[in-house]
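A closer look at the structure
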Amino acid sequence: MAQTLSTPSSSPDLKTHRASMPPVLRGFLWAAVGFLVFNMAVDIVDPFRGHPFVTGPSATLGWVGALLGWLLGVGAFEGVALPLFGYPSRWRERTVGWRRYFEYSTDHKVIGLQYLGSAMGGFLIAGLVALLMRWELMSDHLTIFHYPSNYLTAVGIHGTIMMFSVANVALLGGFGNYMVPIMIGSRGTAFPKLSGISVWLVPAGILTVLFSPLLGAWTTGWRGYQPLASQDPNGILFYYLGVAALTTSTFIVALNMVTTIMFRRAPGMTWGRLPLFAWGQVTVGLLVLIWIPEIQATFVMGLLEKLVPFNFFTATGSVLSYLELFWIFGHPEVYMIAVPVFALWNEIIPVMSQKSLFAREWAVIGLVFVMLLSGLVWAHHLFTNMRNSEILPFAFFTEMISIPTGFAYMAGIGTMWKGHVRLTTPMLLVLMSMFNFLIGGLTGVFLADPIVNLQLHDTFWVVGHFHYTVIGSIVFTGLAAVYYWLPKMSGRMYSEFWGKFLAITLFIFFNGTFSQFFLLGLHGMNRWVPAYPAYLQPMNFEVSIFAFLLGFAFVGHFVHIIWAWRKGAKAPDNPWQARTPEWFTSSPPPRENFPVQPEIVSSLYIYGAEQPVSVHMSAEQELAAARDSGEGGEYPHG
Amino acid sequence: MESIVFGIVWIVLSAIVEWLARIPISHDPLYYTASNIGLMVEHAFDFILVVLIPIFVFVVLGFVWTMVRFRVKKGEKPQLPKHWARSNRWFVGVWVIGSVVVNLLFVLHPTTTATEHFFALEQPSAPQNRHAVVVDVTARQWEWIFSYPQYHLTQTLNANGQDMLELPVNRTVKLVLRSYDPFHTYDQYADVIHSFWVPSWGIKEDVIPGETRILYIKPTKITSFAQNPMSRVQCAEVCGPGHPWMEAPLNVVSASAFQHWIAQQQALQSSSS
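Residues numbered from 1 in each chain as written. Chains lettered and ligands numbered in written order. Predicted model: local features only at pLDDT ≥ 70, side-chain atom pairs only at ≥ 80, totals over all residues.

When you go through chain B residue by residue, the secondary structure sums to four helices and nine strands. Taken from the N to the C terminus, the helices and strands of chain B come in the order α-α-α-β-β-β-β-β-β-β-β-β-α. Taken against the 2.2 N^0.38 rule, which gives 19 Å for 273 residues, the C-alpha radius of gyration of chain B at 26 Å runs more than 25% over that of a compact globule. Across its three principal axes, chain B shows a C-alpha extent of roughly 90 × 40 × 35 Å. Among the 273 residues that make up chain B, the fraction classed as buried is 35%. Counting only contacts in chain B whose residues sit at least 6 apart along the sequence, the fraction spanning at least 24 positions is 70%. (Helix = DSSP H or I, 4+ residues; strand = E, 2+ residues; numbered from the N terminus. Rg over C-alpha atoms; globule rule 2.2 N^0.38 Å. Buried ≥ 20, exposed ≤ 12 C-beta atoms within 10 Å, placed from the backbone. Contact = placed C-beta atoms within 7 Å.)

Another point: the overall build of chain A. For chain A, the helix and strand inventory stands at 22 helices and four strands. Over its C-alpha trace chain A gives a radius of gyration of 25 Å, about what one expects of a compact globule, namely 26 Å for 638 residues. Considering only C-alpha atoms, chain A reaches an extent of 70 × 65 × 45 Å along its principal axes. Within chain A, the proportion of its 638 residues that are buried is 60%. Partitioning the intrachain contacts of chain A with sequence separation of at least 6 by distance along the chain shows that 82% fall at a separation of at least 24.

It is worth spelling out the UniProt feature "transmembrane region" (unreviewed entry) in chain B at this point. Residue and element names in this part refer to chain B. The positions UniProt marks with the feature "transmembrane region" (unreviewed entry) are residues 7-25, 45-68 and 89-108. Secondary structure across residues 45-68 comprises 100% helix and 0% strand; the distance between its end C-alpha atoms is 33 Å. Across residues 89-108 one finds 100% helix and 0% strand; the C-alpha atoms that close the span lie 28 Å apart. (UniProt positions renumbered as here; feature names shortened; annotations may be inferred.)

Residues and elements named next belong to chain B. Taken domain by domain, chain B holds domain 1 (2-69 + 92-122) and domain 2 (131-272). In this complex, domain 1 contributes 13 residues to the contact, which on the side of domain 2 involves 15 residues. Of all the elements in the fold, those that place two or more residues in the side of domain 1 that touches domain 2 are helix 2 (36-69) and helix 3 (89-122). Residue contributions to the side of domain 1 that touches domain 2 peak at five residues, all from helix 2. Of the residues assigned to the side of domain 1 that touches domain 2, the class counts are seven nonpolar, four polar and two charged. (Domains from an automatic or database assignment. Nonpolar A, V, L, I, M, F, W, Y, C, P; charged D, E, K, R; others polar.)

On to helix 2 of chain B. A rise of 1.5 Å per residue sets the reference length of helix 2 of chain B, with its 34 residues, at 50 Å; its end C-alpha atoms lie 49 Å apart and thus fit the reference within 8%. At Leu 52 of chain B, helix 2 of chain B shows its maximal bend, which comes to roughly 35°, and the proline Pro 54 of chain B appears one to four places after that position. (Expected span 1.5 Å × (residues − 1). Bend = angle between axes of the 7 residues up to and from the residue.)

Listed as interface residues are 75 residues of chain B and, on the opposing side, 78 residues of chain A. Counting residues per element, the ones that place at least two in the side of chain B that touches chain A are helix 2, helix 3, strand 5 (194-198) and strand 6 (203-207) of chain B. Per-element tally for the side of chain B that touches chain A: the top contributor is helix 3 of chain B, with 16 residues.

Residue and element names in this part refer to chain A. Packing of helix 4 (residues 56-84) against helix 11 (residues 235-263) leaves a shortest axis separation of 10 Å and a crossing angle of 25°. By the angle class used here, helix 4 and helix 11 are roughly parallel. For the pair helix 4 and helix 11, the crossing hand works out as right-handed. Two secondary-structure elements touch here, helix 4 through Gly 56, Ala 59, Thr 60, Trp 63 and Leu 67 and helix 11 through Leu 237, Leu 241 and Ala 245. The class makeup of the residues in the contact of helix 4 with helix 11 is six nonpolar, two polar and no charged. (Axes fitted to C-alpha atoms, helices over the stretch in contact; angles between N-to-C directions. Parallel < 35°, antiparallel > 145°, perpendicular 65-115°, else oblique. Left-handed = near helix turned anticlockwise from the far one by under 90°.)

Residue and element names in this part refer to chain A. In contact at an axis separation of 10 Å, helix 7 (residues 170-183) and helix 11 are set at 20° when each is read in the N-to-C sense. If you check the angle between helix 7 and helix 11, you find them roughly parallel. Helix 7 and helix 11 meet at a crossing whose hand is left-handed. Contacts between helix 7 and helix 11 pair Leu 172, Gly 173, Gly 176, Asn 177, Val 180 and Pro 181 from the former with Ser 249, Thr 250, Val 253, Met 257, Thr 260 and Ile 261 from the latter. Split by residue class, the contact of helix 7 with helix 11 holds six nonpolar, six polar and no charged.

What follows is about helix 7 of chain A. Residues and elements named next belong to chain A. The terminal C-alpha atoms of helix 7, which comprises 14 residues, lie only 17 Å apart, well short of the 20 Å expected from a rise of 1.5 Å per residue. Summarising burial for helix 7: 14 of the 14 residues are buried, a large majority. Of the residues flanking the end of helix 7, it is Gly 185, one or two places downstream, whose phi is positive at about 75°.

This next bit is on the nonpolar core. The tendency in soluble globular proteins is for nonpolar side chains to be buried side by side. Residue and element names in this part refer to chain A. Within the largest apolar cluster, 267 residues are counted, with the highest numbers of intra-cluster contacts made by Val 339 and Ile 348. For this core, the element with the most residues is helix 13 (residues 319-353), which contributes 22 residues. Among all residues touching Ile 348, those that are not within four sequence positions of it are Pro 426, Met 427, Val 430, Ala 480 and Tyr 484. (Core = buried A, V, L, I, M, F, W, Y, C linked by C-beta atoms within 7 Å.)

With that settled, consider the domain arrangement of chain A. All names here are of chain A. According to the domain assignment, chain A consists of domain 1 (25-88), domain 2 (105-570) and domain 3 (581-632). Each of domain 1 and domain 2 has a C-alpha centre, and these two points are 31 Å apart. Taken together, the contact between domain 1 and domain 2 spans twelve residues of the former and twelve residues of the latter. Along the lines of polarity and charge, the residues of the side of domain 1 that touches domain 2 split into nine nonpolar, three polar and no charged.

Glancing now at the UniProt feature "domain: Cytochrome oxidase subunit II copper A binding" (unreviewed entry) in chain B. Residues given the UniProt feature "domain: Cytochrome oxidase subunit II copper A binding" (unreviewed entry) here are residues 130-264 of chain B. Its end C-alpha atoms 26 Å apart, residues 130-264 of chain B is made of 7% helix and 37% strand.

What follows deals with the sheet that holds strand 2 (residues 143-147) of chain B. All names here are of chain B. If you trace the four strands from one edge of the open sheet to the other, you get 2-1-4-7, paired in mixed fashion. Sheet topology places strand 2 and strand 7 (213-217) at the edges, where each strand pairs with a single neighbour. Across the sheet, the mean angle separating the axes of adjacent strands is 25° when strand polarity is ignored. (Pairing = 2+ DSSP bridges.)

This brings us to the confidence of the model for chain A. All names here are of chain A. Across chain A, the average pLDDT comes to 91, with 93% of residues at 70 or higher. The least confident element of chain A, judged by mean pLDDT, is helix 1 (residues 2-6) at 45; the most confident is helix 9 (residues 201-210) at 97. This model gives residues 630-638 a pLDDT under 50, and the stretch forms 15 contacts once residues within four places in sequence are excluded. (pLDDT = per-residue confidence, 0-100.)

Take the sheet that holds strand 5 of chain B next. The strands making up a sheet associate through hydrogen bonds between their backbones, and the pairing can be parallel or antiparallel. Residues and elements named next belong to chain B. Sheet architecture is open: five strands sit in the order 3-9-8-5-6, paired in mixed fashion. Edge strands, defined here as strands with exactly one partner in the open sheet, are strand 3 (165-168) and strand 6. On average, each strand axis in the sheet is inclined to that of its neighbour by 25°, with strand direction left out of account. The sheet contact formed by strand 5 and strand 6 spans five bridges and is antiparallel. Looking at strand 6, one finds that His 194 is bridged to Val 207.

This is the structure in structure tokens:
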């Protein structure tokens, strides 16, 4: 099966049959061709000749053509389309070299790194946009943005890219694809081809949103509220289209992860032994499979409202419907971000504390109940829109969701208590992340209370709250995961000094920036404003200074990580003495993850002097594997 | 033993932080509160703050304790015990039941109590609401228009020609909120969502096209935008490029000054028409 793919016998003639153009470059070219073809097709049938060459409808269909061209160009043409139609394809998957990260691949580890790289790129772009926003907010009137709609477009681009291509991607598409199959002892994922295509939707989505101003400004922020969106120029079309690409990618990741975890677990990998991070992926996967189709349908309606228009969401239709449809997805979205983070805390804490995971069943119950309750709290985003009698049930569930969230803390603190805690960089980042999320959670208690919410809603208090929950969780824990798994993914170790130094720097500047948002909000600073009353200027100025320093701290981390990846000291296969299966293979893992199918023979989170090794590969099988690899050549390791 | 010391430190630290929290609480953590609903917000805010402090201190102390007490030095290889405790009846029990109890407490108070109180204040039949000053508030891109139907005023302006809201102190006001552009009635996309917010009042209400919403509120302080800039009507929901400037000064004055202002506005209106 998959074994044949990795047989490296075809490597000598690999180069001769390669497309002459690098796949990404070809993707751009085919995307341009696709856009022109579809755009012109619309122009030809356009009953109102004399319009500009590119109109709203033609750009929308042109974008579909561009997306098809892009996906085929990066390698889906040879990898998927040709075989599907029965044509011979000379496509061979690369197993070594950096080029395999820049083309279509079916290796979940390559795909995982492609997702991580895209998320990192999105983070840098959207982070830069955030710094432009902070620069503008240093003064109380317009300075670097000449028109308020430019500023509002920047707000929208920042939020959209951060939510849909960073927060939804880094831990799901990135570490999910890379680590989950190895962690459950599988030698591959359920849908490798689909997954290989879906990852290329992320750069397409990021670029679509980033270049949305080509079609005009849009002023709605990341939520695309109607009817304002339909009043905006056509830039909003690229918001809907970019988000469609990004959410589709997330949907495919969830489909792949849930199926892989359900059907491709190693022998002995029972649900009771399933690693916490895999539990996080299953619960998040279910959230994604339920709610992403809902928001996609909503955004299709929004897109048609803008193009046609239909009056779905004007006063003639129902304005509130859009808000409700958005937040029915919007709050589960927050937990799509947070649940894998909770799971990762309790993945890393027992390893670094060298102590058995405390109250494991409660940690899992916490993940499952957060998932279930997350669909019942959404209307708390609309307390300023609700009849009084409708408010109480949503306030109730919103307050209750802090209970299962707390279980992640209970398990973490219980595990660390009296443990042998190694304060490595990942552990430090996990503790910082738990601190930040605690602030985010406790400020959320104020927001959950309806009467307090009526004052704090749509102020900088809310902005502070969700930056604490989102950056505090996904970015701090995402960095912890990068440092934790860096030796596994690259075979190299980061510098403990620089890791800790940068983590502390990040923590200080992050808190310096966002803690003041709460005070700004209480003092009357509202959202989506490039200009504001003068009395708020001194604190905004101060916040901006911290924000720039925060930007430097992030860049420092990325530089350090890239340096460690290439030049760090060689790392052993299991530097943390962890017990989960990904540490029982070489670093980086071979194409099929393990030389033979491993078997899980004891619990993964129980530490102790007399604990048996948790992952077992029978001697006979290992010998056979050694013979196989002797015949077929070396397993590629780089 | 360790747990007892931890418990004592937790209680002492919580007490210190609670004591420190009296400073913002006595100075109004909302900076400036000038309405009956704002006072409810302030009390709820203070209550939540007081209850959350020990929880915050517990978790943070747990992290600091871990870093100080349970840390192993680099390279040190401590002997692992044969078995680690994987559960603790007391810790889990107190945590789970404790978090349920704290949340039920919040659901009862301030959530339900304050919300019910708010419902009662917003009943049109409530005695104080029957003689309210009525202000029709029209939100359009990008302007707040205030009309006083009881006084036959269609649009009140200040000396600079800005829309302005002026109200008598300690008298209930009935705000009738609509999003509607009287100058562009032909464009169905011109009516977008706005949000009526007065930062010093502690309340905001979205203004949705096609809906008429009513808010009863009583200003409790004589104040003005010049005196405190939180005394302003501010659009809180993004409504397009003009959103940042969709604000209007709010002055709250004595009953006699209000009558004087009404007369002045009426004179202004009749002279201009």
